[in-house]
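# Structural overview
This is what each chain is made of:
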Amino acid sequence: MDLIRAYSKKGYLTQRFADLHTGLENRRSRTPEPVRPPSKTRKRHLKQSEIDDIVAKYDAGATSNQLVAATGLAKETILRLLHQHGAAIRRQGLSTLDVTQAAALYRDGRSLAWIGNLYGVSHTTVRAALIKLGVMMRDSHGREQ
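Let me begin by describing the structure that accompanies this report.

Cut-off values and rules
- Residue positions are given per chain, counting from 1 as you read along its sequence in written order.
- Thresholds applied to this predicted model are a pLDDT of at least 70 for local features of residues and 80 or more for the giving and counting of side-chain atom pairs; totals over whole chains, interfaces and linings are not thresholded and use all residues.
- Based on all heavy atoms of the structure, the side-chain values leave hydrogens and waters out of the count.
- Going along the chain from the N terminus, every DSSP run of H or I of four or more residues is numbered as a helix, and every run of E of two or more is numbered as a strand.
- Buried residues are those whose accessible area, probed at 1.4 Å on protein chains only, stays under 20% of the maximum for their type, while exposed residues exceed 50% and partly exposed ones sit between those limits.
- Note on definitions: a residue-residue contact is assigned when non-hydrogen atoms from the two residues lie within 4.5 Å.
- Residue burial considers only the protein chains on display, and all accessible areas are found by Shrake-Rupley using a 1.4 Å probe.
- Buried Ala, Val, Leu, Ile, Met, Phe, Trp, Tyr and Cys residues that are joined via side-chain atoms within 4.5 Å together make up what is termed a nonpolar core.
- Residues are called lining when one of their atoms sits within 4 Å of a cavity or pocket point, these points coming from a 1 Å grid over the protein atoms alone, where a cavity is a set in which a 1.4 Å probe fits but cannot get out and a pocket is an open set with protein on both sides within 12 Å along at least five of seven lines.
- Grid points are joined across faces, edges and corners, and a volume is the space filled by probe spheres set on the points.
- Nonpolar residues are Ala, Val, Leu, Ile, Met, Phe, Trp, Tyr, Cys and Pro. Charged residues are Asp, Glu, Lys and Arg, and all others, Gly as well, are polar.
- Given a helix with a known number of residues, its expected span is that number minus one, times 1.5 Å.
- By definition, the arc is the one covered by directions from the helix axis to the C-beta atoms.

When its secondary structure is counted, the protein shows eight helices and zero strands. In sequence order, the protein lays out its α and β elements as α-α-α-α-α-α-α-α. For the protein, with 145 residues in total, the buried portion stands at 21%. For the protein, the share of sequence-separated contacts (at least 6 apart) that also reach a separation of at least 24 residues comes to 44%. Carbon together with sulfur atoms contributes 53% to the accessible area of the protein, which is approximately 11600 Å² in total.

It is worth spelling out the nonpolar core at this point. Membership of the largest hydrophobic core comes to 14 residues, with the highest contact counts inside it found for L94, Y106, I115, Y119, V126, L130 and V135. Those elements giving two or more residues to this core turn out to be α6 (96–107), α7 (112–119) and α8 (123–133). When residues no more than four places from it in sequence are discounted, the contact partners of Y106 are L112, I115, L130, V135, M136, M137 and R138.

Next up on the list: the layout of surface pockets. In this structure, the largest pocket spans a volume of roughly 350 Å³. Around the largest pocket, the lining is made up of 14 residues, and of these N65, K75, R91, Q92 and G93 lie nearest the centre. Across the lining of the largest pocket, the residue classes tally to three nonpolar, eight polar and three charged. Considering only enclosed or pocket space, the second largest pocket measures out at about 260 Å³ in volume. Lining the second largest pocket are eleven residues, and of these K43, R44, L73, T77 and R80 sit closest to its centre. Looking at the lining of the second largest pocket element by element, the count peaks at three residues for helix α5 (residues 75–84).

What follows is about the side chain of S64. For S64, the position within the fold is in helix α4 (residues 64–71). A relative accessible area of 7% means that S64 is categorised as buried.

With that settled, the discussion passes to α6. With twelve residues, α6 ought to run about 16 Å at 1.5 Å a step, and its terminal C-alpha atoms sit 17 Å apart, in line with that. Those residues of α6 not exposed but buried are D98, V99, A102, A103 and Y106. Relative to the axis of α6, the buried residues are bounded by an arc of 140° and lie together on one face. Set apart from the buried face of α6 by more than 90 degrees, the exposed residues are L97 and R107. Contact partners of the buried residues in α6: α7 and α8. Trailing α6 by a residue or two, G109 shows a phi angle of about 110°, which is positive.

This is the structure we're talking about:
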């Protein structure tokens, strides 16, 4: 603490340093709290009427992401329920041919959003597919990263 006083014109820092030092000493003297294992999430059992409602909403045009938000279930759970109950799953992502065409469009200067609109997917879906293919991404100003 004498060093702070000797080399600093800010005497008020001496008290702050002393407070911090005391706080650290107090922390060291306490016994650490035991580490608790993470709590397990409870399995939610859906009623048949809830499952029928999810399938009906999906068949009526709701997306799986909308159903996830509405029900609080995981996307995997929603898709599994839809598969199990015979719902025709709508297109998921891009096909291999679509990805190669999207890569060519991206290299020609088209934006991820433009390509996503063309194929009916989000720009993040396009970006993930292009990265997986090994396409060099551009920053928001069109420069390669």
